[in-house]
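Each chain, letter by letter, is given below.
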Amino acid sequence: MNAPQPLPAFERAERQAQVVQALRNVLPDHALLYTTEDTVPYECDGLTAYRARPMCVALPETYAQVQGVLKACHAIDVPVVARGAGTGLSGGAMPHTEGVTLSLAKFNQILSIDAHSRTAVVQCGVRNLAISEAAAPFGLYYAPDPSSQIACTIGGNVAENSGGVHCLKYGLTVHNVLKVKGFTVEGEPIEFGSTALDTPGLDLLPLVVGSEGMLAVTTEVTVKLIPKPQLARCIMASFDDIRKAGDAVAEVIAAGIIPAGLEMMDKPMTVAVEDFVQAGYDLDAEAILLCESDGTPEEVEEEIGRMSEVLRRCGATAITVSRDEAQRLKFWSGRKNAFPASGRISPDYMCMDSTIPRKRLADILQAIAEMEKKYQLRCLNVFHAGDGNLHPLILFDANDADQMHRCEQFGADILETSVAMGGTVTGEHGVGIEKVNSMCVQFSADENEQMFGIKRAFDAKGLLNPGKVIPTLHRCAEYGKMLVRAGQIKHPDLPRF
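Calculation notes
- Just so you know, the residues in each chain are numbered from 1, in the order the chain's sequence is written.
- Confidence filtering applies because this is a predicted model: local features only for residues at pLDDT of at least 70, side-chain atom pairs given and counted only at 80 or more, and all residues used for totals across whole chains, interfaces and linings.
- In computing side-chain values, all of the structure's heavy atoms are included and hydrogens and water are not.
- Working definition: helices are DSSP H or I runs of at least four residues, strands are E runs of at least two. Numbering for both runs from the N terminus.
- We take the radius of gyration over the C-alpha atoms and set the globule estimate at 2.2 Å times the residue count to the 0.38 power.
- Residues count as neighbours in contact if any of their non-hydrogen atoms are within 4.5 Å of one another.
- Only the protein chains shown count as cover for residues, and the accessible areas themselves come from Shrake-Rupley with a 1.4 Å probe.
- In summary, the charge assignment counts Lys and Arg as positive and Asp and Glu as negative, without counting His or the chain termini.
- Here the site of a charge means atom NZ of a Lys, CZ of an Arg, CG of an Asp or CD of a Glu.
- In this scheme, a residue with accessible area under 20% of its type's maximum is buried, one over 50% is exposed, and one in between is partly exposed, where area comes from a 1.4 Å probe on protein chains only.
- Strands are treated as partners if at least two bridges between them are detected by DSSP.
- Note on method: axes are straight lines fitted to C-alpha atoms, helices fitted across the in-contact stretch only, with angles between N-to-C directions ranging 0 to 180 degrees.
- Here the angle decides the label: under 35 degrees means roughly parallel, over 145 means roughly antiparallel, 65 to 115 means roughly perpendicular, and every other value means oblique.
- Should the near helix be turned counterclockwise from the far one by less than a right angle, the crossing is left-handed, whereas a clockwise turn marks it as right-handed.
- Counted as salt bridges are all cases of a side-chain nitrogen of Lys or Arg within 4 Å of a carboxyl oxygen of Asp or Glu.

1. Things to note about the overall build of the protein
The helix and strand inventory of the protein stands at 17 helices and 19 strands. A globule of 497 residues ought to have a C-alpha radius of gyration of about 23 Å, and the protein, at 23 Å, matches this closely. Based on the C-alpha atoms only, the size of the protein along its principal axes is roughly 70 × 60 × 40 Å. Summarising the internal contacts of the protein: among those between residues at least 6 apart in sequence, 72% fall at separations of at least 24. If you sum the accessible surface of the protein, you get close to 20400 Å²; carbon and sulfur atoms cover 53% of it. In the protein, 45 side chains carry a positive charge and 62 a negative one; their mean positions are 1 Å apart.

What follows is the structure, encoded as structure tokens:
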């Protein structure tokens, strides 16, 4: 993946001086960074394999300053990349070398909680977990819970349409957000959605949620809150065969059960996690499933019984049901620490994100095992199994150019195989720069052009987060040629390249 190419030094210096002067008219000096040592911390998000240094970083403290930054940049055709906590995993917040990174970290206030309507109005920089913490005294919480919820912000969740381990039952961000307020690229106020039962005019809320900062800059979000369940219990089911575990996921859903959470980890991942957090995982199992039920005590008891029966029928070698809340949280602490656990055993890792039909879980795991041999790199696997969302973690050393290249090929292979199995190239981490080439595999040139049409309707100059998400026709053509040279396809699929 190629980062945006910087201008020659003298041109960059001239352009930077122009941008700094324009932003000084709307920001105080302490809210504008442009020296190397100040901007380097913003050179990447959670996808650390790719980096670029922004020309400037703006840290506005008021909505008027956000508006001013956007108007100033639009007037002189400067790209703008909005950034929250920088926990994204697809490079969606990677800076543009000729642009401004617009940090929204200072907008971290919970503006209101309405226990009667079960809603909260929060600024974009509020941490995901902080919403649930603030709503807890009312017996409410915010359901989407990405593994990074202790750090990730609601604005970033809106940009990526984030999910989490409980998204199977309670939905992704798009299912839990009522209204988004912000600004267009020209600095005009804009609002999506409504707290009413219907939205006046076109319902554009599902369009902006998951748009990865390409259509507008989010500043304020109204979210749904739901009652905390009376009880939650979690099953840890062990399997001596990956295919049995994958089939069990499909059988649970086929039985008409929608668990609060249904996650899968393979043996290498459970070994890494257990060494890190001692969650009580079965290290002899080839794969484990975490299946959670929540609700009233009666509902939970009945559902745990039904799920246990299905799991045993599918070949579970051991079933452990959490005996109390502490053990339930321990089971989930292992799953939620899968990424840092992987970081302890490898200099670097690349976390992929694709989605496949549930019935193909075992097939994709076997395919990934073959890819490990092909690319000579290890891969640890953890899945939001209930909705078929994969998170393979490819281990590599970014200081080794050959390993880096093989890792990129490995990741692309996983995404393309997912599409071939009837899936998609992303689930909840977004496209960003990581998957932009693989979009050429899933979508035709005409389909990509339709997406560009939406982009142009909001951002005619293409200044908001440019070069991300939607591949150009040229990029798709070049990617097709690369696959031919690599021997992965015999000729470009003409309707797609």
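2. Concerning the pairing of strand 6 (residues 119–123)
Most of strand 6 sits out of view: five of its five residues are buried. On strand 6, burial covers both faces: Thr119, Val121 and Gln123 on one face and Ala120 and Val122 on the other are all buried. Two strands pair when backbone bridges link them, and strand 5 (residues 110–114) and strand 6 are joined in this way by four bridges, in the antiparallel orientation. In the sheet register, Ser112 faces strand 6, and the bridge partner there is Val121. In textbook terms, the turn of a hairpin is the stretch between consecutive antiparallel strands, and for strand 5 and strand 6 this stretch comprises four residues, one of which, Arg118, has a positive phi near 55 degrees. Across five bridges, the pairing between strand 6 and strand 10 (residues 217–224) is antiparallel. Looking across to strand 10, one finds that Gln123 is bridged to Glu220.

3. Some words on the packing of helix 13 (residues 361–375) against helix 14 (residues 401–420)
Running from N to C, helix 13 and helix 14 cross one another at 155 degrees; their axes reach a closest spacing of 10 Å. Relative to helix 14, helix 13 is oriented roughly antiparallel. Handedness of the helix 13/helix 14 crossing: right-handed. On helix 14, the residues that touch Ile364, Ala367, Ile368, Met371, Glu372, Lys374 and Tyr375 of helix 13 are Arg406, Gln409, Phe410, Asp413, Ile414, Thr417 and Ser418.

4. Some remarks on the environment of Ser148
Tracing the sequence through the fold places Ser148 in the loop between strand 7 (140–141) and helix 5 (154–160). On a C-alpha basis, the gap between Ser148 and Leu129 in space is 9.0 Å, while along the polypeptide they are 19 residues apart.

5. Here's the deal with the pattern of salt bridges
Scanning the entire structure with this criterion turns up 24 salt bridges. With a shortest N-O distance of 3.7 Å, Glu133 and Arg127 are connected by a salt bridge. Classification of Glu133 as partly exposed rests on a relative accessible area of 45%. Salt-bridge contacts for Glu449 lead to Arg456; the nearest nitrogen and oxygen are separated by 2.3 Å. Taking relative accessible area as the criterion, Glu449 reaches 38% and is therefore assigned partly exposed. Note on Arg456: relative accessible area 40%, which makes it partly exposed.

6. A look at the packing of helix 8 (residues 242–254) against helix 10 (residues 297–313)
Put simply, helix 8 and helix 10 touch, their axes get as near as 9 Å, and they point 140 degrees apart. Considering their axes alone, helix 8 and helix 10 lie oblique with respect to each other. Judged by the sense of rotation from one axis to the other, the crossing of helix 8 with helix 10 is right-handed. In this structure, helix 8 uses Ala248, Glu251 and Val252 to contact helix 10, whose residues at the interface are Met307, Val310, Leu311 and Arg313.

7. Some points on unusual backbone geometry
Look at Gln376: it is not a glycine, yet its phi comes out positive at around 55 degrees. Mapped onto the elements, Gln376 comes out in the loop between helix 13 and strand 18 (379–384). Within the chain, Asn465 stands out as a residue other than glycine whose phi angle is a positive 45 degrees.

8. Considerations on the sheet that holds strand 4 (residues 100–103)
Strands sit in the order 1-2-4-3 across an open sheet of four strands; the sheet is mixed. Pairing within the sheet leaves two strands with one partner each, and these edge strands are strand 1 (32–33) and strand 3 (80–83). Across three bridges, the pairing between strand 2 (residues 56–58) and strand 4 is parallel. Of the residues in strand 4, the one forming a bridge with Cys56 is Val100. Across the sheet, helix 1 (residues 9–24) lies against strand 1, strand 2 and strand 4, angled at about 15 degrees from strand 2, the strand it touches most. In this fold helix 3 (residues 63–75) packs onto strand 2, strand 3 and strand 4, with an angle of close to 165 degrees to the strand it touches most, strand 4.

9. Details of the pairing of strand 13 (residues 261–266)
Counting buried positions over the six residues of strand 13 gives six, a clear majority of the element. Every second residue of strand 13 is oriented toward a common face, with Gly261, Glu263 and Met265 on one face and Leu262, Met264 and Asp266 on the other, all of them buried. The pairing of strand 13 with strand 14 (residues 287–295) spans six bridges and is antiparallel. Bridge pairing links Gly261 to Glu292 in strand 14.

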